[in-house]
Amino acid sequence: MSVFWRTAAVGAMFALAIGIGAQTQTGSTAPLSPEQRRQQAAEFYRTHYVKHEYRIAMRDGVKLYTVVYTPAAGQFDDAGPYPFLMSRTPYSCGNYDNDVVEPHVTQNPAIVRSGYILVCQDVRGRWESEGTWYEMTPSHDGKGIDESTDMYDTVDWLLKHVKGNNGKVGIMGISYPGFYTAASIVDGHPAIKAASPQAPIIDLWMGDDAYHGGTFMLDANHSFYAPFFAPQKNPLKEEPKNDFDFGTKDMYAYYLRMGTLANLDSYKGGTNAYFHDQVVHTTYDSYWKARDLETHMHGVKAAVLDVGGWFDAEDLAGPVKVFHAIDKLSPDAPENTLVEGPWVHGGWAGQSSSVLGDIHFGSDTASFYRENIEAPFFAHYLKDAPMAPLPKAYTFETGSNVWKKYDAWPPKQAVAKMIYFEPNGGLDWKAPKERDSKDEYVSDPAHPVPFTQYVAEADVPQRYMDDDQRFATRRGDVLVYESQPLKEDVTVAGPVKPMLKIASTGTDSDFIVKLIDVYPEDYKDPDAGADEGKHVTSATPVFMQGYEMMVRGEPMRAKFRNSWEKPEPLVSGKVTEVDFTMQDVNHTFLKGHRIMVQVQSSWFPLIDRNPQVFEDIAKAKPQDFVKATETVFHQADAASGIELMVMPK
């Protein structure tokens, strides 16, 4: 539920994306300031689009604010008629009742410059639209009003009332607008020919923003709702003032000081009705099931481009889930392609994307996507432009840093293989033969394992998704298993499935598993500088030799090991299976690198702390949080490891 698409700086990002620059006397391009970029983008929009504002009545009489930007006559090579390209948002279309031209639809210059009727709509109950807003509006499958019917009514009105259209409609959106994109094509209007749900929220409890493996995504959700996203009194043109203040930049210290979810779900914690719902629904109950869009993706008549990032800290699960759901429930959709790049949340939309944190990907993957996949997709289905056929899955393979095309996802040729934990921190493809082999650590909720080695502010740092994990390796409450240097490349494509045999002295515990790519000690870092040793007087240099790049990390709350709806306590000291599925990856562990797996029982404040006592954590008191000794077994009759989808050579 990132505020990514809410930004008012869309114009500035568009200007950056198209590389507007000032020519110097020598003919080179001088970089422009952010303000200069904004001015140039504003001038482009002002001269190329004409703004129209409407309040469109839905079938129940509720009016939704809709702003339409039509191409100005004579400004585009394409003389029209034009297709509609639309985005629906709870974050405001902005610039109400004025002449400011700033479409909040797409930042892709290849699209904006080619001639589309751009449409932004405030969804029901938000900003200038009337009605009541619901978190992830449940689908009613034609038996009531939902996002599909609102889109249907809007499309019907646009086709009849906006001149110069060619009768075709596309819809796109990132994050929450990605949800509205997917929800809008359920039993969709036949004029909707193309749709691109990008980083869509599909099932809040099952791996999207709210819960992962039954654990509450604490930092991301509290920092979203407390200072920003709250109920509104509509219609509304200006963002209401919010005085909430964390009082510190150190979120580890802040959340540890606040102590419990109950303290956060209070006036002092800046709670509101939306955050309260996230906190109190701690199992997969009817509240969450009604908001699972995955089971409703039927009647999709549009070609669909499902887009996500391998390092999306917010909606990593959504793109893959909607891709599979459409394949299953709408097999006759003209197109359904999954695109995954080495991106953070929305990282493909309007900026360069060749680096995340310390990891380089070798090229500007975002520009490649915008120019070679997204723009041709919409041009083909909305303007009848020629396009090279898309594969079923178009994914970027990290590690090797190459784009891959597959006729299925996961690839049909990928084979499930277990890699097992061994004594003395080993990791091997062979099952253990020891009769008695295990590791133990003490998990202390008063001193939880941090998810970064640096101080993190309220917004979760996107780079944590591929950050160096050497800081965690050094902790006594983190188990580390590592392979020998690889003798050949190992490529993994698909979901990652930890299979643990554990015992705990608590009646509930969390188990966080991280899959890590360990760089060799003789790695030649092309970006290494000379500022090393005693001569360091500026920022500490990053050494890539031995770097422990997180490829994927996910938590699992043990009480949900058998059922998401009916949690069960652990029996203290009893050997227990804790199996779960982590999000998909497409990564090559290069020859000479090592595969590492880390196991720990806290990841703070990324996820909420487990008191390690079986109870409703939303009601936990400070005294409920106790230490627990966690045991992970790696012996013949109790082997632990992870299942990887390994590509053949």
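In this report, the structure presented in the accompanying data block is examined. All values reported here derive from a predicted model rather than from experimental measurement.

Quick look at the overall build of the protein
Part 1: Within the protein one finds 13 helices and 28 strands.
Part 2: Here the protein has a C-alpha radius of gyration of 25 Å; the compact-globule value for 649 residues is 26 Å, and the two agree.
Part 3: For the protein, with 649 residues in total, the buried portion stands at 59%.
Part 4: By sequence separation, contacts in the protein at least 24 residues apart represent 79% of the contacts at least 6 residues apart.

Concerning helix 12 (residues 365–383)
Part 1: Its 19 residues place the ends of helix 12 25 Å apart at the C-alpha level, agreeing with the 27 Å of an ideal helix rising 1.5 Å per residue.
Part 2: For helix 12, the principal kink sits at Ala-375 and spans about 30°; a proline, Pro-376, occurs within the next four residues.
Part 3: Of the residues that open helix 12, the one with a side-chain oxygen 3.3 Å from the backbone nitrogen of Ala-366 is Asp-364.

Quick look at the side chain of Ser-443
Part 1: With respect to the element layout, Ser-443 can be found in strand 19 (residues 438–443).
Part 2: Within the structure, Ser-443 has its side chain in polar contact with the side chain of Gln-612 (distance 2.6 Å).
Part 3: Here Ser-443 is in contact with Ser-601, Gln-612, Val-626, Lys-627, Ala-628 and Glu-630, once residues within four sequence places are set aside.

Quick notes on the side chain of Asp-444
Part 1: You can see Asp-444 is positioned in the loop between strand 19 and helix 13 (470–473).
Part 2: Nearest to the buried, unbridged Asp-444 among oppositely charged side chains is Lys-627, at 4.2 Å.
Part 3: Side-chain polar atoms of Asp-444 contact the backbone nitrogen of Ala-446, separated by 3.0 Å.

Rules used throughout
Residues numbered from 1 in each chain as written. Predicted model: local features only at pLDDT ≥ 70, side-chain atom pairs only at ≥ 80, totals over all residues. Heavy atoms only, no water. Helix = DSSP H or I, 4+ residues; strand = E, 2+ residues; numbered from the N terminus. Rg over C-alpha atoms; globule rule 2.2 N^0.38 Å. Buried < 20%, exposed > 50% of the residue type's maximum accessible area, 1.4 Å probe, protein only. Contact = heavy atoms within 4.5 Å. Expected span 1.5 Å × (residues − 1). Bend = angle between axes of the 7 residues up to and from the residue. Polar contact = N/O pair within 3.5 Å; in protein donor to acceptor, adjacent residues only side chain to side chain. Lys, Arg positive; Asp, Glu negative; His and termini not counted. Salt bridge = Lys/Arg side-chain N within 4 Å of Asp/Glu carboxyl O.

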